[in-house]
Amino acid sequence: MALQIDSNRKTISVIYKTEKRVHIVSVGEGLAYPHELILSASNRSLRVIKGQYRMRIKLLANLLNFLVTEKREKIKVERKEDLVLLILASLTSRSPTSLDDHISEYRKKLNELMEDFQNTQSETAYSSFIDSLKESIFLHILCREIRGSTVLHKEDISKFVDILDYKENNLRAVFSAIQIWSTQKYDDVPHSIVFEFTSFKDEALRESVIFLSYVLAVDYPKSKRELLISHYMLVRQIVNKFREVVSQENLADQVLENLFKVAITLFFCGYLKTLRLPNDEKTRYIDEILDLPSIEYSLKKTFDEIASISLPHIQFKVPLWVLLAIDSILLVLHWFNEIYLPWELSQWGIKFPTVNVPVFLFVAVLISVFMLFRLYKLKGNILKNFRRGTIE
Amino acid sequence: MNSEKYSTTLYVASVLGKTIPSRFEVRKTLWEHFKQFADEEGLSIIEEEWKQWIVYRGTQVSFSVMDAPVDKLYFLSFRPTGENIGRWGKNQNNEATLGTLGFCGLLGSEIAIPLNDLVFKRVGLSDQDSIDISNWEITCPLSRPATKSSLGDFLRETGQTRYENIFLSVPKENEFHIFTQTFFKGIEPFPQLRNILSGFGLVKGPRSLTTAKEFGEKLATRVKEKSIFIFLEEERLLENWYENLKIFFDSSHIPTQYIDEKTVRNKLPRFAGVRANLLLEMLTKMGKQPIILQPPEEIFINDGFLCLSDVVSARQRLFGALFTYSKQGLGPKEEVQIYDDIKFETPTKYSLEMTNENVDLLARKIHKLIGRRLKIDILLTKKWKEENIEKLVEMLLESKIETEKVYYLSSRTSRFVDEYLQKSSNYRSCCYPYKILGKRIAFLKTCTETRIYPNLFSLYIELMWPKNAQITQGDLEKILWLVKKRIYRIQEFHVLKNAEPVWIFRNLRKMYLGKIRERLTIPLRLLI
């Protein structure tokens, strides 16, 4: 599978090969923005590397530049005690032998932070520990994707999760997802993780969730739909956030750091060169899911379904607004020129007197009752659709 | 490139012999020398019980003597003095500076006294020994998107737009609750204040001052986060209110702002800079700092500064610790803790001593305040005994808190004036000259504008620990960042003189903190 990008039209096409033929699907501009975001960030990276920016920003810029262009700039890290900087630098280094040493030092530091909190029970120590854990997750993804090295080991994760505050559901879910991604021993992704990802709020973990929801969706088809909802929702949020600002010159270092992290994450998810989807995916899936963010698609589809009449064996659907229009026309006709039909009722041999039924009014009432019934079931149907997954 | 030199009114002498003469002896000998010199030059002198002044062309000049035994140095500094120095304006300060410089010019570049063969040599400042901070970074984290610029550009834009760039970057979702006892609806200056604030949020009130405490107690956390209580009154009433009740609001995490009614009447409507100061200070107290002077990455290897100070006033004798981070994004977590169980002595106005048990107790409290292993610098507002510092550093290390350097800061030690600001291009510049004397002492000129008397003098910085280390420009850059970190006083940026932690402890001394159980913790932002 490959992508063709038309940067003028801001559209993207998926060239999808099956055994027999090649499909070319125009996916629309929704998907082109992540691609553009990576390119914009990558174009900016060289200026950042050579400009007056913090070392961390420069190293992230260098990493993105390396991933996109496979070229690397030499950046010397002066602060040998800052292990995050050393790890980031090692990822683009030609001789990455030191990476494992830095990672092992970094693990030691994480454990020390945990001990600090356990010894002091201080709020500062806890928040410092949590901040470092969040940082470690992104580093783990970087190291595994680029060099295949592991930052977060199973035994460390178990210790960390044990002392997490009850409020840290997002973090707990991400740790579980990391374990599933690392071990590949599970049949499916637990519902609790899927649920946490769907309602994700922690901005510090956003890039990690974008990545994890994507890779788990690829590996675990049973939960794919739900995980992709989270993935595309977050991608959409992020892309919208950066669309306006990405070309702005004087962005603060914090914004640039987030931009490079997001661009690297989107790169890992394959938005630049190829979509890392399993080969047995259907063209329809790409067309429907990738074009619109799933949540929007799901809502639109549910509304369309609920607000339409489908007649059995006939591919015919009438949307809600047409029904409303018909209803109004019938009422007007009833007012000006009603047709009355005689209607005789008989039951158990008893004959009731003949009644003149106003046809237009009768049909209008029937349509209104149908619409009320559909609206009554709206909430239930939407929930059902979400739980089931959006696309059949 | 030629480096410009600027003369000062500071002299330094090296002690050559093994014995160091006492300050009293040196001062006495010097005074005799000056009296003779005044007699020869036809200058008048003023000699009273506590005054030893020389009058040069209308400027009264006083002098002070200070020793630095570690470096075997003696400092002699001259400063202008007189009546009501606190009320001197810019012109008076400038005239007095020129007068004092003129006197030293007449005195000569060397003063030899017949005591241990001391020869005082005049010290000069130079462009070469200065810290240029125009490239330091300013970030506006609340603008959408967050932006950054160099300090030089930011200050230029602020001047050109008359603070409009700041007004545009401040968030507008604020609640200003005004309390007063005099200036209710319709009574000026309340309507003026309301008009000014309404452009930046919702103005509520005015309510009676007496209801403020009860109102604060009932305020929901959600509202508290975006609210600030503003007290509008006459200065005298406000001072009393501040002294007694500020601590209640601070410990309840409610930001407060005290505004003198005269400021609202005379300054706020006329001066955009005063309005900018007020807004930035209020928003910083609310935890929404619109502009931040980022610590330069290359000089900040450590995680932050621990400032230790006594909080002594007529009504209280307490000890305080404050930790300020020099790493990005940790500002809102900064706290000040006040303890009433740390016992200490202050043998002089500028020194502090405590027993080993109390140092031990303090170290344990600091460990709780910081709560994790860090590398820090320590700032002291009084000179500590060497063994106290050694013990503290050792105890902190046991708690995995590594101390890199310990500094003593003073704004009143060896005050001298200089001619740096006589050159017009240096006025309001971002270049701050310094002078390192010996191994461990430096003077840093932190004001590049003169408004009030204290702006005339440089900050005294002494490296107290480690014993074998030397003070460097990097050390001074750290201190300068702590001074200019108070950029929320934007209109006063060029006259900011003291490091923020020192300023905070000065504010705390004005407050009556009442009875403290074990410790009192206040977010740092509320005390600025």
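Note that the coordinates shown come from a computational prediction; the quantities given were computed from them, not determined experimentally.

Description of the overall build of chain B
At step 1: Per the secondary structure count, chain B includes 14 helices and 26 strands.
At step 2: On C-alpha atoms alone, chain B measures out to a radius of gyration of 24 Å, which is about the 24 Å that the 2.2 N^0.38 rule sets for 528 residues.
At step 3: For chain B, the spread of C-alpha atoms along the three principal axes comes to 70 × 55 × 50 Å.
At step 4: Across the 528 residues of chain B, 44% fall into the buried class.

Description of the overall build of chain A
At step 1: Across its full length, chain A holds 16 helices and nine strands.
At step 2: Looking at chain A as a whole, 34% of its 392 residues qualify as buried.
At step 3: In chain A, 59% of the contacts between residues at least 6 apart in sequence involve partners at least 24 apart.

A look at helix α2 (residues 55-69) of chain A
At step 1: Across its 15 residues, α2 of chain A extends 20 Å between first and last C-alpha, which sits within 8% of the 21 Å expected from 1.5 Å per residue.
At step 2: Among the residues trailing α2 of chain A, E70 of chain A stands out with phi positive, at a value near 65°.

Examining the sheet that holds strand β3 (residues 52-56) of chain B
Residue and element names in this part refer to chain B.
At step 1: Strand order across the open sheet formed by seven strands is β2-β3-β4-β5-β1-β7-β6, with antiparallel pairing between neighbours. The open sheet has two edge strands, β2 (44-47) and β6 (110-112), and neither has a second partner. On average, each strand axis in the sheet is inclined to that of its neighbour by 30°, with strand direction left out of account.
At step 2: One ladder, built from nine bridges, connects strand β4 (residues 59-68) with strand β5 (residues 73-81); its direction is antiparallel. From the neighbouring strand, S64 faces β5, where its bridge partner is S77.
At step 3: Against the sheet, helix α1 (residues 23-41) contacts β2, β3, β4, β5 and β6, and its axis sits at roughly 150° relative to β4.
At step 4: In this fold helix α2 (residues 90-107) packs onto β1 (5-14), β3, β4, β5, β6 and β7 (119-126), with an angle of close to 135° to the strand it touches most, β5.

Some details on the packing of helix α8 (residues 191-198) of chain A against helix α10 (residues 224-243) of chain A
All names here are of chain A.
At step 1: Orientation of α8 relative to α10, taken along the N-to-C sense of each, is 25°, at an axis distance of 9 Å. If you check the angle between α8 and α10, you find them roughly parallel. Taken as a pair, α8 and α10 cross one another with a handedness that is left-handed. Here V194, F197 and T198 of α8 come into contact with α10, specifically with E226, L227, I229 and S230.

Thoughts on unusual backbone geometry
At step 1: Backbone torsion omega between R144 of chain B and P145 of chain B reads -5°, so that peptide bond is classified as cis.
At step 2: If you trace the backbone, P145 of chain B turns up in the loop between β9 (137-140) and β10 (147-150).
At step 3: At the junction of G205 of chain B and P206 of chain B, the peptide bond is cis and its omega measures out at 10° in the coordinates.
At step 4: Tracing the backbone shows P206 of chain B in strand β12 (residues 202-208).
At step 5: Phi is positive for Q121 of chain A, which is not a glycine, with a value near 55°.

Looking at the domain arrangement of chain B
All names here are of chain B.
At step 1: Entries for chain B in the domain assignment read domain 1 (5-128), domain 2 (171-285) and domain 3 (299-527).
At step 2: Between the C-alpha centres of domain 2 and domain 3 there is a distance of 29 Å.
At step 3: In this assembly, 16 residues from domain 2 lie in contact with 16 residues from domain 3.
At step 4: When residues of the side of domain 2 that touches domain 3 are traced back to their parent elements, those giving at least two are α8 (235-251) and α10 (272-285).
At step 5: The element best represented in the side of domain 2 that touches domain 3 is α10, accounting for eight residues.

Details of the interface of chain A and chain B
At step 1: Tallying the contact residues gives 20 residues for chain A and 16 residues for chain B.
At step 2: If you list the elements that add at least two residues to the side of chain A that touches chain B, you get α4 (98-120), α5 (123-146) and α11 (253-268) of chain A.
At step 3: Within the side of chain A that touches chain B, the residues separate by chemical class into seven nonpolar, eight polar and five charged.

Re the environment of N169 of chain A
At step 1: In this fold, N169 of chain A is placed in helix α7 (residues 169-183).
At step 2: C-alpha separation for the pair N169 of chain A and E112 of chain A, spaced 57 residues apart in sequence, amounts to 23 Å.

Points about the sheet that holds strand β17 (residues 317-325) of chain B
Residues and elements named next belong to chain B.
At step 1: Sheet architecture is open: 10 strands sit in the order β8-β23-β24-β25-β22-β20-β16-β17-β18-β26, paired in mixed fashion. Edge strands, defined here as strands with exactly one partner in the open sheet, are β8 (130-132) and β26 (519-523). The average angle at which neighbouring strand axes cross in this sheet is 25°, direction not considered.

Quick word on the nonpolar core
At step 1: By size, the foremost hydrophobic cluster in this structure holds 194 residues, and its most contacted members are I87 and A263 of chain A together with L444, I461 and I479 of chain B.
At step 2: Among residues more than four places away in sequence, those in contact with L444 of chain B are Y432, Y434, S458, L459, I461, L476, I479 and L480 of chain B.
At step 3: Listed in part, the 30 residues of the second largest apolar core include L30, I54, V61 and F103 of chain B.

Some remarks on helix α14 (residues 500-510) of chain B
At step 1: Every buried residue of α14 of chain B is listed here: E500, P501, V502, I504, F505 and L508 of chain B.
At step 2: Looking at the buried positions of α14 of chain B, the neighbouring elements they touch are β16 (304-312), β17, β18 (335-339), β20 (374-380), β22 (401-410) and α13 (473-484) of chain B.

Considering the confidence of the model for chain A
Keep in mind that low pLDDT regions are not for reading the predicted coordinates in detail.
Residues and elements named next belong to chain A.
At step 1: Here chain A averages 78 in pLDDT, while 75% of its residues score no lower than 70.
At step 2: Across residues 1-31, confidence stays below pLDDT 50; counting only partners more than four residues off in sequence or on other chains, it has 59 contacts.
At step 3: Here residues 276-293 is a poorly scored stretch, pLDDT under 50, and it has 31 contacts once near neighbours within four places are set aside; other chains count.

Regarding the pairing of β3 of chain B
Two faces belong to every sheet, and in a regular strand the side chains alternate between them.
Residues and elements named next belong to chain B.
At step 1: Bridge count between β2 and β3: four bridges; the pairing is antiparallel. Each residue of the ladder has a partner; that of I46, found in β3, is W53.
At step 2: In sequence, β2 turns back onto β3 through a hairpin of four residues.
At step 3: Where β3 meets β4, four bridges bridge the pair, whose relative direction is antiparallel. Residue pairing across strands places V55 opposite Q60, the latter belonging to β4.
At step 4: Remark: two residues form the turn of the hairpin made by β3 and β4, two consecutive strands paired antiparallel; R57 in that turn has positive phi of roughly 45°.

Here we look at the packing of α4 of chain A against α5 of chain A
Residue and element names in this part refer to chain A.
At step 1: The N-to-C vectors of α4 and α5 enclose an angle of 160°; their axes lie 9 Å apart at closest approach. Classified by the angle their axes make, α4 and α5 are roughly antiparallel. Read as a crossing pair, α4 and α5 show a hand that is left-handed. Where α4 abuts α5, its residues I103, L110, L113, M114, D116, F117 and T120 lie against A125, Y126, S128, F129, S132, S136 and C143.
At step 2: Its residues assigned to classes, the contact of α4 with α5 comprises nine nonpolar, four polar and one charged.

Topic: the confidence of the model for chain B
At step 1: Summing up the model confidence of chain B, the mean pLDDT is 90 and the portion of residues at 70 or higher is 98%.
At step 2: Of the two predicted TM-score estimates for the complex, the pTM is 0.82 and the ipTM is 0.82.

Structural notes on the environment of L459 of chain B
At step 1: Among the structural elements, L459 of chain B can be located in strand β25 (residues 459-465).
At step 2: Those residues in contact with L459 of chain B that lie beyond four places of it in its chain are L409, S411, F443, L444, T446 and K497 of chain B.

Observations regarding the pairing of strand β23 (residues 431-437) of chain B
Residues and elements named next belong to chain B.
At step 1: Where β8 lies against β23, three bridges are found, and the strand directions are antiparallel. From the neighbouring strand, S130 faces β23, where its bridge partner is P433.
At step 2: Note that β23 and strand β24 (residues 441-444) share four bridges and pair antiparallel. Paired with Y434 across the strands is L444, a residue of β24.

About the criteria used
- Residues numbered from 1 in each chain as written.
- Chains lettered and ligands numbered in written order.
- Predicted model: local features only at pLDDT ≥ 70, side-chain atom pairs only at ≥ 80, totals over all residues.
- Helix = DSSP H or I, 4+ residues; strand = E, 2+ residues; numbered from the N terminus.
- Rg over C-alpha atoms; globule rule 2.2 N^0.38 Å.
- Buried ≥ 20, exposed ≤ 12 C-beta atoms within 10 Å, placed from the backbone.
- Contact = placed C-beta atoms within 7 Å.
- Expected span 1.5 Å × (residues − 1).
- Pairing = 2+ DSSP bridges.
- Axes fitted to C-alpha atoms, helices over the stretch in contact; angles between N-to-C directions.
- Parallel < 35°, antiparallel > 145°, perpendicular 65-115°, else oblique.
- Left-handed = near helix turned anticlockwise from the far one by under 90°.
- Domains from an automatic or database assignment.
- Nonpolar A, V, L, I, M, F, W, Y, C, P; charged D, E, K, R; others polar.
- Core = buried A, V, L, I, M, F, W, Y, C linked by C-beta atoms within 7 Å.
- pLDDT = per-residue confidence, 0-100.

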